[in-house]
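Listed below, chain by chain, are the residues.
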Amino acid sequence: MRTLFIPKFPLSSLFVFPNSPFPFLIDAFRSLSFHSLHRSPSSAASSSPTMPPRLAMISHVDSDGPLARRLWNKCRRESILSMYTPFCVCLACGTLNIDTFRHYIDQDVHFLKAFARAYELAAECADDDDAKHSINELRKAVSVELKMHASFVKEWAAADGKESPVNPATIKYTDFLLATASGKIEGAEGLGNLATPFERTKLAAYALGAMTPCMRLYAYLATEFKGVLGALHGDHPYKTWIENYASKGFEEAAEKTEDVLEKLSATLTGEELDTIEKLYHQAMKLEQEFFCSQPVSQKTVLPLIKDHNPAEDRLVLFSDFDLTCTVVDSSAILAEIAIVRAPKPDQIQPEDQPFTRMSSADLRNTWGVISRQYTEEYEECIDKVMPPKTVEFKFEDLCTALEQLSDFEKRANNRVVESGVLKGLNFEDIRRAGEHLIIQDGCFNFFGTACKSENLNVGVHILSYCWCADLIRSSFNSGGLLTQVTIHANEFAFEEAVSTGDLVRRVESPLDKVNAFRKILENYGNDRNNLTVYIGDSIGDLLCLLEADIGIVIGSSASLRRLATRFGVSFVPLYPSVVRKQKDLTEDSRRSWKGLSGVLYTVNSWAEIHAFVLGC
């Protein structure tokens, strides 16, 4: 267990049950949830440019603010996948092969020429004099950028002086850009007649919608590279490139492009703004493809499966479930289902009902008391096992300390069972709740992509404290992943599809999780080289995170960091670690990821995990 998590939105808004017996699934998180207090609510936030119909997703992208900023936030996945490409990682650390950089510059020159032409077409369509002037200024900036690229070409020209052939990805991007600026936009209505100033301005807005993401992405990437390198970028062979795109001047140019887009879009309809969003997203996908297409021949650390040979290697993915895969903790959901479905105080319970159930009011009060007790005792337990000062990392010492937490978790589960709060839940209600759980953006896509890869020998295991594995199974089944993922969690005891209130206990504590982790690997055997990745977010995951070859912490749990840091565990952002490993990589280097190092890698989204493990 963990403990109290009270979101800023009503629990009823997390579910849509078509033709459901639930009139709502609770108008507020009035019950107290186990399993969550010591995780940051921000870790549950996710944004998705497209909301799957099976989920009643809550949009976490701000509806206010400039249009370009909203669109950028919706396309964070593409920006992260671009940043994690082998080309960008090698460029960031400065080890990128010079021939690869020359090839990239040749591609970029071709693209910039198309960019300048698109600005020219947009300026011709802009009716507003200020907008026309701003676009022309941006076009002049592209000319300056081309001159910078010319200096690169002159400095690092190939011995034979020949330019690289244009990549298909580059052609695809420039064709899209020029087609958009010329009014050839799929699905856009009303562009046949460009005689009126309004129609021409609309086309200018569409052109800027396709160009703005490129400016923002380059500013973002260069700023990230510079931040990772810090003072070391002074000796970087591609220092000029990084400093140009991370400069104040380029940031101002990116902001100006966004400002022009905002002005040109001010009078557009909702449908026309949707067209701009589609163009923006398409441009970001093409940018991602552009960086993925750069031919990197040198040895790279990314993606993790790059040298995977299914006949010799096995990738074993482990993940927690609550607040790692989900936005809401399962204990709260199960408790609320029980409360909603419990009889009202004045109701007569059916004679054929196998169990006598508490009323909804009594059940809610009981759940509140149990949760508050858990919260208080959890804090006391954490304080008790915490060393008075930071100590050297020793895995055995951490295991010994967490034995006390494991005992506490089992006692807490005993109280839940004895209270009867989980008695009487209908299997069908649990199944429906699992189908409509809000999943972190990109989570199921990551597991699905890994499992469906024909060139990957992979096993996927979910290790969870969840009281009801059927809830997890239903969730993964709705994502089409149930047959590909093995669930390790506790089970409800049922009689005639109604829960008895008892638990079949399998995973209750950090020690249970790490023992299950070891047993799974033991069952795989040594017929292949096992590479293990564990993804989690709380103290319950700590031992597994450390024992895996790569432990990835998603989100930010204050209690996890506080306890682990005191035991000598280091938390480092994943991307800077990847860049450093690439910088130190040699042709003779072996895989440098290994467990029990005392180092855990932090990410903010499943997109980072996807990019790191599977690539773009």
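Quick note: structure is the one above.
Residues numbered from 1 in each chain as written. Predicted model: local features only at pLDDT ≥ 70, side-chain atom pairs only at ≥ 80, totals over all residues. Heavy atoms only, no water.

In this section: a negative patch on the surface. On the surface, a cluster of negative charge is made up of Asp127, Asp128, Asp129 and Asp130. Turning to its location among the elements, Asp127 is positioned in the loop between helix H4 (98-125) and helix H5 (129-156). Judged by its relative accessible area of 49%, Asp127 falls in the partly exposed class. (Patch = residues over 30% accessible without salt bridge, like charges linked within 9 Å, V, L, I, M, F, W, Y side chains within 5 Å. Areas by Shrake-Rupley, 256 points an atom, 1.4 Å probe, with all protein chains shown as cover. Salt bridge = Lys/Arg side-chain N within 4 Å of Asp/Glu carboxyl O. Lys, Arg positive; Asp, Glu negative; His and termini not counted. Charge placed at Lys NZ, Arg CZ, Asp CG, Glu CD. Helix = DSSP H or I, 4+ residues; strand = E, 2+ residues; numbered from the N terminus. Buried < 20%, exposed > 50% of the residue type's maximum accessible area, 1.4 Å probe, protein only.)

Turning to the pattern of salt bridges, a few remarks are in order. One pass over the structure, following the stated rule, counts 26 salt bridges. In this structure, the salt-bridge partner of Lys410 is Asp512, at a minimum N-O distance of 3.9 Å. Of this pair, Lys410 sits in helix H13 (residues 395-419) while Asp512 sits in helix H17 (residues 510-524), placing them 102 residues apart in sequence. On the basis of relative accessible area, Asp512 is assigned to the buried category, the value being 17%. A salt bridge links Glu491 to Arg506; the shortest N-O distance between them is 3.2 Å. Residue Glu491 is located in strand S5 (residues 491-495), and its partner Arg506 is located in the loop between strand S6 (498-504) and H17; the two are separated by 15 residues in the primary sequence. Three or more residues joined by partner-sharing salt bridges are found here, namely Asp470, Arg473, Glu491 and Arg506.

Across the sheet, seven strands lie side by side as S4-S3-S1-S7-S8-S10-S9; this open sheet has parallel pairing. The two strands at the open ends of the sheet, each matched to only one other strand, are strand S4 (485-488) and strand S9 (570-573). If you compare each strand with its neighbour and ignore which way they point, the axes differ by 25° on average. Running over the sheet, helix H15 (residues 443-452) touches strand S1 (313-319), strand S3 (458-463) and strand S7 (529-536) and is turned about 150° from S3. Sheet strands in contact with H17 are S1, S3, S4 and S7, and its direction is about 160° off that of S3. (Pairing = 2+ DSSP bridges. Axes fitted to C-alpha atoms, helices over the stretch in contact; angles between N-to-C directions. Contact = heavy atoms within 4.5 Å.)

Here we take up the pairing of S3. With five of six residues buried, S3 is to be regarded as a mostly interior element. In this structure, S1 lies alongside S3, joined through five bridges in parallel fashion. Residue pairing for S3: Phe318 is matched across the bridge by His461. Pairing geometry for S3 and S4, over four bridges, is parallel. Directly across from Leu463, in S4, lies its bridge partner His488.

Take the nonpolar core next. Residues Tyr84, Phe225, Trp241, Phe447, Phe476 and Phe612 are the most contacted members of the largest nonpolar core, which totals 150 residues. When residues in this core are grouped by element, the largest group, 18 residues, is from helix H7 (residues 197-229). Two domains each put at least three residues into this core: domain 1 (62-293) and domain 2 (313-345 + 356-614). Every residue in contact with Tyr84, bar those within four places of it in the chain, is listed here: Val89, Leu302, Leu574, Tyr575, Val578, Glu608, Ala611 and Phe612. Core analysis: the second largest hydrophobic core is formed by 38 residues, Phe318, Leu398, Ala548 and Leu600 among them. (Core = buried A, V, L, I, M, F, W, Y, C linked by side-chain atoms within 4.5 Å. Domains from an automatic or database assignment.)

For the rest of this paragraph, the subject is the packing of aromatic side chains. By the definition in use, this model includes 34 aromatic pairs. Note on Phe87 and Phe291: the rings are 6.1 Å apart at their centroids and 25° apart in plane angle, and the pair reads as stacked. Residue Phe87 is located in helix H3 (residues 86-93), and its partner Phe291 is located in helix H10 (residues 270-292); the two are separated by 204 residues in the primary sequence. No difference in accessibility class separates Phe87 from Phe291, as the two residues are buried. In this structure an aromatic cluster arises from ring pairing among Phe87, Phe101, Tyr104, Tyr218, Phe225, Tyr238, Trp241, Tyr245, Phe250, Phe290 and Phe291. Against the face of Tyr465 rests Lys513, its NZ or CZ located 5.0 Å from the ring centre. Above the ring of Trp593, the side-chain terminus of Lys581 is found at 4.5 Å from the ring centroid. (Phe/Tyr/Trp six-rings, centres within 6.5 Å; stacked < 30°, edge-to-face > 60°. Lys NZ or Arg CZ within 6 Å of the ring centre and 35° of its normal.)

What helix H1 (residues 67-74) keeps buried is the set Leu67, Ala68, Leu71 and Trp72. Along H1, the residues classed as buried sweep out an arc of 130° about the axis, all on the same side. (Arc of directions from axis to C-beta.)

Okay, the sheet that holds S5 next. Pairing in this open sheet of three strands is antiparallel, and the strands run S2-S6-S5 from one edge to the other. If you trace the sheet from one side to the other, it starts and ends with strand S2 (423-426) and S5, each paired once. Taken over all neighbouring pairs, the strand axes of this sheet differ in orientation by 55° on average, direction set aside. Where S2 and S6 come together, two bridges link them in antiparallel fashion. Across the sheet, the residue bridging to Lys423 is Thr500, located in S6.

The next point concerns the environment of Cys616. Of note, Cys616 is situated in the segment after helix H21 (606-613). Once residues lying within four places of it in the same chain are set aside, the contact partners of Cys616 are Leu81, Thr85, Gln288 and Cys292.

All right, on to unusual backbone geometry then. Cis geometry marks the peptide bond from Leu302 to Pro303; its omega dihedral reads -15°. Within the secondary structure, Pro303 sits in the loop between H10 and S1. With a phi angle near 55°, Glu496 is a residue other than glycine that sits in the positive phi range. Residue position: Glu496 is located in the loop between S5 and S6.

This next bit is on the packing of H4 against H10. The contact between H4 and H10 brings their axes to 11 Å, and the two run at 150°. Here H4 is positioned roughly antiparallel relative to H10, judged by the angle of their axes. In this structure, H4 contributes Tyr104, Gln107, Asp108 and Phe111 to the contact, and H10 contributes Glu287, Phe290 and Phe291. Looking at the contact of H4 with H10 residue by residue, the class counts come to four nonpolar, one polar and two charged. (Parallel < 35°, antiparallel > 145°, perpendicular 65-115°, else oblique. Nonpolar A, V, L, I, M, F, W, Y, C, P; charged D, E, K, R; others polar.)

Moving on, we come to the environment of Ser509. In this structure, Ser509 sits in the loop between S6 and H17. The buried category is assigned to Ser509, whose relative accessible area is 1%. In this structure Ser509 touches Ser406, Lys410 and Tyr465, once residues within four positions along its chain are discounted. Polar contacts involving the side chain of Ser509 include one to the main-chain amide nitrogen of Asp512, which spans 3.1 Å. (Polar contact = N/O pair within 3.5 Å; in protein donor to acceptor, adjacent residues only side chain to side chain.)

Attention now moves to the state of the cysteines. For the coordinates displayed, the defined rule picks out one disulfide. What pairs with Cys292 in a disulfide is Cys616, and their sulfur atoms sit 1.7 Å apart. Taken together, the positions of Cys292 in helix H10 and Cys616 in the segment after H21 put the pair 324 residues apart, joining distant regions of the chain. Owing to a relative accessible area of 28%, Cys292 belongs among the partly exposed residues under this scheme. Free of any disulfide, Cys93 has its nearest cysteine sulfur in Cys90, 5.5 Å distant. (Disulfide = S-S within 2.5 Å.)

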